[in-house]
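Here's the letter readout for the chains.
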Amino acid sequence: MSTLILEDSYLDTLNNIERKKHTQKIKIVKQLYIKGPKTNSDLCSDFNISSPTSMGLLSELMTEGLVEKKGRGKSEGGRKPDLYGLRANSLFVLSIAMGRFKTRMAIFDNNNNNITGVQTFPVCIAEGVTAADQLQEYAESLISNSGIDPDKLMGVGVSMPGLVASKEGNNYTYMHTAAEAESLQQLLTRKFNKPVYIQNDSKSAALAEYRFGLAKGRSDVLVLSLDWGVGLGVIMDGKLRSGTKGFAGEIGHIPLENNGALCYCGKRGCLETVASGIALANMAKEGIKSGQHSLLNELSDQKIDSIEPKLVIDAANRGDQYAINILSKIGMNLGKGISILIQIFNPELIILGGRIAEAKQYITTPIQQSINTYCMAQLREKTEIALSNLGQNAGILGSVAVVMENIFEDQLDLD
């Protein structure tokens, strides 16, 4: 285990001076991770400590291989001060993004460099915890093949669909643990023998946008994950908002249509029944079977049953009018839901990501038209709509952010 991340039992052996020093080092490393290289003077100001104390802590962190000099800062007269930043490959995070049909993994270092590249494994999320053993097996193989020192692996971040209570460490939709005394997070922590943090995939994507994407430096942003379902991550006043249990953002299950189609959640007329990847696939199947003139008719009967949003988007890009029309219907319904969000949250920016967002103008144009119809002008005019530039990496980067958001705080709480 890294000298930075200490277990509770070891911390109990430290005296007050040693514990205080450990806390200060954690704060410095967290600051360097989030803000980038800093001068000694910057750190003194940030944490209200003396220059000798700050230099002593930096010296220890450099000896431990966590910090190094990163050139020179700006001078206000005289010699330019040294900049201190995190040393590449000194700490690592295992990032796991679970989906309904596959799981993606990658290892990142403390400077957010992707060490292994993103690798895909045939691990499907299910109601039970059978996937936990598979996750452990593939993760151990990835760690072994990466060549990193396992002791430098700080933690594991897992993003997943479903009702995730991140503080409690459980997913109420998938991977239920049999024993009430052990949460899913505790189970995975035991299997990996590392700190594990779980988060809903939409909130994970929101964190990725806030740390690495279009939401960086913004305060009030909504991040919509338009995939098989519709998820929402809410960033208000510069913080990810989760609600009492961690379930905030379940926009996909707001009622949009009276007596609508039955949703898998058990209710009728949810937004997801008319504005998701599932809805898009169902519309495409119905059109093909009813004889609609479309490039999608090239699909065989077997392929029709497994149609994915990408096929519809590809057809639209080839000028297929039926594909364009059903994407437009999806976009108009999404715009209704987004109008509700704008009038509740008054965000400065809404970021669209996920499979459906890859339709670009075929989805953004009807969304904007719908917002113009259903949202108050004073609110919609102050809200920017943008497509994510993180693409499929949002989930993976989000899991890195989940670890970094939590592991430093956990260490400070132990102190």
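Up top you'll find the structure we're talking about.
Not measured: the values here are computed from a predicted model. (Residues numbered from 1 in each chain as written. Predicted model: local features only at pLDDT ≥ 70, side-chain atom pairs only at ≥ 80, totals over all residues. Heavy atoms only, no water.)

A.B. asks: I would appreciate a short explanation of the packing of helix α2 (residues 16-35) against helix α4 (residues 51-63) in the present structure.
C.D. replies: A pair of packed helices is characterised by two quantities: the angle between their axes and the separation of those axes. At a minimum axis separation of 10 Å, α2 and α4 run at an interaxial angle of 80°. The pairing of α2 with α4 is recorded here as roughly perpendicular in orientation. Between α2 and α4, the residues in contact are K21, Q24, K25, I28 and V29 and T53, L57, L58, E60 and L61, respectively. Residue composition of the contact of α2 with α4, by class: 5 nonpolar, 2 polar and 3 charged. (Axes fitted to C-alpha atoms, helices over the stretch in contact; angles between N-to-C directions. Helix = DSSP H or I, 4+ residues; strand = E, 2+ residues; numbered from the N terminus. Parallel < 35°, antiparallel > 145°, perpendicular 65-115°, else oblique. Contact = heavy atoms within 4.5 Å. Nonpolar A, V, L, I, M, F, W, Y, C, P; charged D, E, K, R; others polar.)

A.B. asks: Would you take a moment to explain the sheet that holds strand β2 (residues 67-72) for this structure?
C.D. replies: Sheet strands pair via backbone hydrogen bonds, and the direction of the pair is either parallel or antiparallel. Pairing is antiparallel in the open sheet, where 3 strands are placed in the order β1-β3-β2. Of all strands in the sheet, those with a lone pairing partner are β1 (38-39) and β2, marking the two edges. With 4 bridges connecting them, β2 and strand β3 (residues 82-86) associate as antiparallel partners. Along β3, the bridge assignment pairs K69 with Y84. In this fold α2 packs onto β1, β2 and β3, with an angle of close to 95° to the strand it touches most, β3. Sheet strands in contact with α4 are β2 and β3, and its direction is about 115° off that of β2. (Pairing = 2+ DSSP bridges.)

A.B. asks: I tried to follow the side chain of K194 on my own but got confused; where do I start?
C.D. replies: Mapped onto the secondary structure, K194 falls in the loop between α6 (184-192) and β10 (196-200). For the buried K194, no salt bridge exists, and the shortest N-O distance to an oppositely charged side chain is 4.9 Å, to D151. Among the polar contacts made by the side chain of K194, one reaches the main-chain carbonyl oxygen of P150 at a distance of 2.7 Å. (Buried < 20%, exposed > 50% of the residue type's maximum accessible area, 1.4 Å probe, protein only. Lys, Arg positive; Asp, Glu negative; His and termini not counted. Salt bridge = Lys/Arg side-chain N within 4 Å of Asp/Glu carboxyl O. Polar contact = N/O pair within 3.5 Å; in protein donor to acceptor, adjacent residues only side chain to side chain.)

A.B. asks: Would you mind showing me how to read the pattern of salt bridges here?
C.D. replies: Where charged atoms of side chains with opposite charge meet at close range, the side chains can pair. In total, this model carries 16 salt bridges according to the counting rule given. Salt-bridge contacts for K191 lead to D133; the nearest nitrogen and oxygen are separated by 2.6 Å. With K191 in helix α6 and D133 in helix α5 (residues 130-146), this residue pair connects regions lying 58 residues apart in the sequence. We classify K191 as partly exposed; its relative accessible area is 22%.

A.B. asks: Teacher, can you tell me more about the pairing of strand β14 (residues 349-353) here?
C.D. replies: Both faces of the sheet carry side chains from a regular strand, because those side chains alternate between them. Taking burial as the measure, the 5 residues of β14 include 5 buried ones, the bulk of the element. Covered by surrounding structure in β14 are L349, I351 and G353 together with I350 and L352, the residues of both alternating faces. Relative to β14, strand β11 (residues 221-226) runs parallel, the two sharing 5 bridges. Bridge pairing links S225 to G353 in β14. Across 4 bridges, β14 lies against strand β15 (residues 384-387) in parallel orientation. Paired with L352 across the bridge in β15 is L387.

A.B. asks: Please clarify how the sheet that holds strand β7 (residues 153-160) should be interpreted in this entry.
C.D. replies: Strand order in this open sheet of 5 strands is β6-β5-β4-β7-β10, and the pairing throughout is mixed. Only two strands of the sheet have a single partner each, and these edge strands are β6 (119-121) and β10. Here the average twist between neighbouring strands, direction ignored, is 20°. Judged from the 7 bridges that link them, strand β4 (residues 92-98) and strand β5 (residues 103-109) form a sheet pairing that is antiparallel. Residue pairing in the sheet places I96 in a bridge with M105 of β5. Helix-sheet contacts for α5 involve β4, β5, β6 and β7, and the interaxial angle to β5 is about 40°.

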